[in-house]
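Close look at the chain arrangement
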Amino acid sequence: MAMLLPHIPTHQRRLLPDRRLSGPTPWIIAILMMLTLLSAATGLALSQSANQLGEAIAGRVTVQITTANPAKRAEQAHIFQQQAAKTPFVLHSRMVAPSELQATLGQWFGSEGEADPALKALPLPALVDLDLAEGDRSAQLAQLGKLVHGIADNARIIAHAEWLGPVERLIRSLTWVSVLMVVLITAASAAVVIMTARAALNTHFATIEMLHMIGATDQQISRLFQHRIAIDTAYGIALGSVGAALILLVIRWQWSGISSGLASTATIGAGGWLLLLALPLLAIALAAVTARQTLLAALKKMI
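The structure contained in this document is the topic of the report that follows. (Residues numbered from 1 in each chain as written. Predicted model: local features only at pLDDT ≥ 70, side-chain atom pairs only at ≥ 80, totals over all residues. Heavy atoms only, no water.)

1. Description of the sheet that holds strand 3 (residues 126-132)
The four strands lie next to each other as 2-3-1-4, forming an open sheet whose pairing is antiparallel. Strand pairing shows two members of the sheet lacking a second neighbour, strand 2 (90-96) and strand 4 (156-159), which therefore form its edges. Here the strands of the sheet are splayed against their neighbours by 20° on average, with no regard to which way each runs. The sheet contacts of helix 2 (residues 70-85) involve strand 1 (60-65), strand 2 and strand 3, and relative to strand 2 the element is tilted by about 165°. (Pairing = 2+ DSSP bridges. Helix = DSSP H or I, 4+ residues; strand = E, 2+ residues; numbered from the N terminus. Axes fitted to C-alpha atoms, helices over the stretch in contact; angles between N-to-C directions. Contact = heavy atoms within 4.5 Å.)

2. Quick look at helix 5 (residues 137-149)
With 13 residues, helix 5 ought to run about 18 Å at 1.5 Å a step, and its terminal C-alpha atoms sit 18 Å apart, in line with that. Residues Gln140, Leu144, Gly145 and Val148 constitute the buried set of helix 5. When helix 5 is viewed along its axis, its buried side chains cluster within an angular range of 140° and face the same direction. Exposed and facing more than 90 degrees away from the buried side of helix 5 are Ser138 and Lys146. Taken together, the buried residues of helix 5 touch strand 1, helix 2, strand 2, strand 3 and strand 4. At the N-terminal end of helix 5, a side-chain oxygen is found 3.2 Å from the backbone nitrogen of Ser138, two or three residues along, and the residue is Asp136. (Expected span 1.5 Å × (residues − 1). Buried < 20%, exposed > 50% of the residue type's maximum accessible area, 1.4 Å probe, protein only. Arc of directions from axis to C-beta. Polar contact = N/O pair within 3.5 Å; in protein donor to acceptor, adjacent residues only side chain to side chain.)

3. Side note on the side chain of Thr87
By the element assignment, Thr87 lies in the loop between helix 2 and strand 2. Ignoring any residue separated from it by four or fewer positions in sequence, one finds Thr87 in contact with Gln143 and Leu147.

4. Some remarks on the pattern of salt bridges
Here the structure, examined in full by the defined rule, presents four salt bridges. Note that Asp131 and Arg60 form a salt bridge whose closest N and O atoms lie 2.4 Å from each other. Taken together, the residues Asp131 in strand 3 and Arg60 in strand 1 connect sequence positions 71 residues apart. With relative accessibility at 27%, the residue Arg60 sits in the partly exposed group. In this structure, the salt-bridge partner of Arg94 is Asp129, at a minimum N-O distance of 3.1 Å. (Salt bridge = Lys/Arg side-chain N within 4 Å of Asp/Glu carboxyl O.)

5. Quick notes on the packing of helix 2 against helix 5
The contact between helix 2 and helix 5 brings their axes to 10 Å, and the two run at 145°. For the pair helix 2 and helix 5, the sense of crossing is right-handed. Judged by residue contacts, Phe80, Gln83 and Ala84 of helix 2 engage Leu144, Leu147 and Val148 from helix 5. In terms of residue class, the contact of helix 2 with helix 5 is built from five nonpolar, one polar and no charged. (Left-handed = near helix turned anticlockwise from the far one by under 90°. Nonpolar A, V, L, I, M, F, W, Y, C, P; charged D, E, K, R; others polar.)

6. A word on the nonpolar core
Judged by nonpolar contacts, the single largest core of 30 residues is most densely connected at Phe225 and Leu276. If you list the elements that add at least two residues to this core, you get helix 1 (25-57), helix 6 (160-203), helix 8 (218-255) and helix 9 (269-302). With eight residues, helix 1 is the largest single contributor of residues to this core. Of all hydrophobic cores here, the second largest spans 16 residues; its members include Phe89, Ala126, Leu144 and Ala152. (Core = buried A, V, L, I, M, F, W, Y, C linked by side-chain atoms within 4.5 Å.)

7. Observations concerning the environment of Ile284
Mapped onto the elements, Ile284 comes out in helix 9. With relative accessibility at 36%, the residue Ile284 sits in the partly exposed group. Through-space distance from the C-alpha of Ile284 to that of Gly236 is 9.8 Å; in sequence the pair is 48 residues apart.

8. A word on the packing of helix 1 against helix 6
When two helices pack together, you describe them by how their axes are tilted relative to each other and by the distance separating the axes. The interhelical angle for the contact between helix 1 and helix 6, taken along N-to-C directions, is 160°, at an axis separation of 8 Å. Classified by the angle their axes make, helix 1 and helix 6 are roughly antiparallel. Considering how the two elements wind past one another, helix 1 and helix 6 form a crossing that is left-handed. When grouped by side-chain class, the residues that make up the contact of helix 1 with helix 6 number 20 nonpolar, 16 polar and two charged. (Parallel < 35°, antiparallel > 145°, perpendicular 65-115°, else oblique.)

9. Observations concerning the environment of Thr36
Mapped onto the elements of the fold, Thr36 is located in helix 1. The class for Thr36 is buried, based on a relative accessible area of 7%. In this structure, the C-alpha to C-alpha distance between Thr36 and Ser178, residues 142 residues apart in sequence, is 9.3 Å. In contact with Thr36, not counting residues within four places along its chain, are Val182, Ile185 and Thr186.

Here it is as structure tokens:
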């Protein structure tokens, strides 16, 4: 009997309905695909932000000198900066200008920064920024402590990793949450394809029995249903991808106005955009494989 039907011609696919977007499956797939791309984009942006923040704070140290006498305070900061620059593990040292500190404070107080008489009257500390080489941070900080305390007893060393480290860890945690969301949504999409395949077989049970009787194999029958499911899934993935692309373009346009601060580091990058472009293709391949395996397993139980 199997020889009577070596293959099923393309025109016989009319045994199945050929209406585009006829059921809920394409719309469900579209929503899930859009959520997948948005979650993936969020994870990529957060990962980039965490990496840049980690690199920025890894070896950054600020030394604060709070001597009451302004002239002596500035002198102590200058001496320390010169001596720290000669230390082998200090890559770069820079004195923070009082005007820069006043301008920063002015942003918080809503004033004009260094032009504000009230800010000029504040006893601002002298700050020295240092970039340290890789190595034993504890030993480096201890050596810097001895150096600066020999110049100013009331000096304070602030390691940026101590107070920005929790922020970096939070961002990385949110990155993993985004990855988990992508995995869960992908699993949900596969479940939708499985349910769609089983529902299609149950709906056309009589047709399947007839095809079996005239010699059609499970592989031939599965191709009929796989073609229909692949089309519906591809439509859904295309719709979801277009929706996600529009949302990401709007967000990118709004984000382009942010040029400073932690938010400016949340970018996707060229590699991230390529990954986002590849996700719909991977989704189509996953849906095709899932549908085929589900159909073959269900057809074996019908025999």
